[in-house]
Amino acid sequence: PMTTWGKPSLDGTWDFKSATPLSRPERWKDQEFLTETEVAEYEKAIREGRAARLATEGEVREGLDGQADVDVGYNSGFLELGAKLADSLRTSLIVDPPGGQMPAMKTRARERNKPYYEMQTQSPAGPEMRNLTDRCLIGFNNNPMRSGAYNNIMQIVQSQSHVAIQVEMVNDHRIVPTNSASVNTVGIPASTRFWKGYSSGNWDGDTFVVTTTNFKQFAAPFGTGAAAVLTERFTRLDENTLEYEYTIEDPETYDVPWTARQRMRRTNDDVYEYAC
């Protein structure tokens, strides 16, 4: 589908949940693709495992005190997990490095992220000590978008000058210019930081490319730091398919950049208000 001004239309609501793991599991370490038989067996195991867990809902979970039970208090009614593997039959969403696994995080990056991990696990002394996800300042499946426990849906509204991207998770929304060179001649100072980063866009042929930098501390994707660059590529393949690719680059965190790719499916579902 094309717009009236000659660019591919990205408009629509898109479902990005998937059962394909981000990193290639050890059991498939030498296998880039699955056979159709292996896919059928894997998806059957997912269905049966979830049915078994559903059958035990409402039972007392041993070893949990009251607070711990509340902390993990979701039942299946809250979840929207992917049940089907990607159409590509790949064993991971990561396509580069070729081994399909996320590069190891550098030691100094793990040290840098320690305060965040501690914040995520500590018992808060008050509301100001709640972690960033509890406070809905950041989500866990958005920017970049990847399949999570729920809210795996995104809407794009497009004009000639801007592309608006809204993910249902934490009401995450970005309004990205389609010709960044015409609106951003000065650039953003390195000291200016944003929860969602600063996004600029350009068309590369039929692909819309979004580059995001200037993330706030602990808001950069996948544990990256101040120098992180997130590059997203949106390509409309047909009426019902949007290919989404993202590359994470931060030499302070990973030795090499890495890239994941998946196909989103068009849906008639609505994007609902996110109530944290």
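A brief report on the enclosed structure follows. Every value quoted in this text rests on a predicted model; they were computed, and no experiment measured them.

Here's the deal with unusual backbone geometry
Following Asp-96, the chain continues into Pro-97 via a peptide bond in cis, with omega recorded as 10 degrees. As for its placement among the helices and strands, Pro-97 is situated in the loop between strand E2 (94-96) and helix H3 (107-112). Phi at Leu-89 is positive, roughly 65 degrees, even though this residue is not glycine. Note on Leu-89: relative accessible area 24%, which makes it partly exposed. Unusually for a residue other than glycine, Asn-151 sits at a positive phi of about 60 degrees. With respect to the secondary-structure elements, Asn-151 resides in the loop between helix H4 (114-121) and strand E3 (153-158). The exposure class of Asn-151 is buried, given its relative accessible area of 12%.

Here's the deal with a nonpolar patch on the surface
Taken together, Phe-78, Leu-79 and Leu-81 make up a surface patch of nonpolar side chains, about 260 Å² in accessible area. With respect to the helices, strands and loops of the structure, Leu-79 is situated in the loop between helix H2 (66-71) and E2.

Definitions and limits used
Residues numbered from 1 in each chain as written. Predicted model: local features only at pLDDT ≥ 70, side-chain atom pairs only at ≥ 80, totals over all residues. Heavy atoms only, no water. Helix = DSSP H or I, 4+ residues; strand = E, 2+ residues; numbered from the N terminus. Buried < 20%, exposed > 50% of the residue type's maximum accessible area, 1.4 Å probe, protein only. Patch = residues over 30% accessible without salt bridge, like charges linked within 9 Å, V, L, I, M, F, W, Y side chains within 5 Å. Areas by Shrake-Rupley, 256 points an atom, 1.4 Å probe, with all protein chains shown as cover. Salt bridge = Lys/Arg side-chain N within 4 Å of Asp/Glu carboxyl O.

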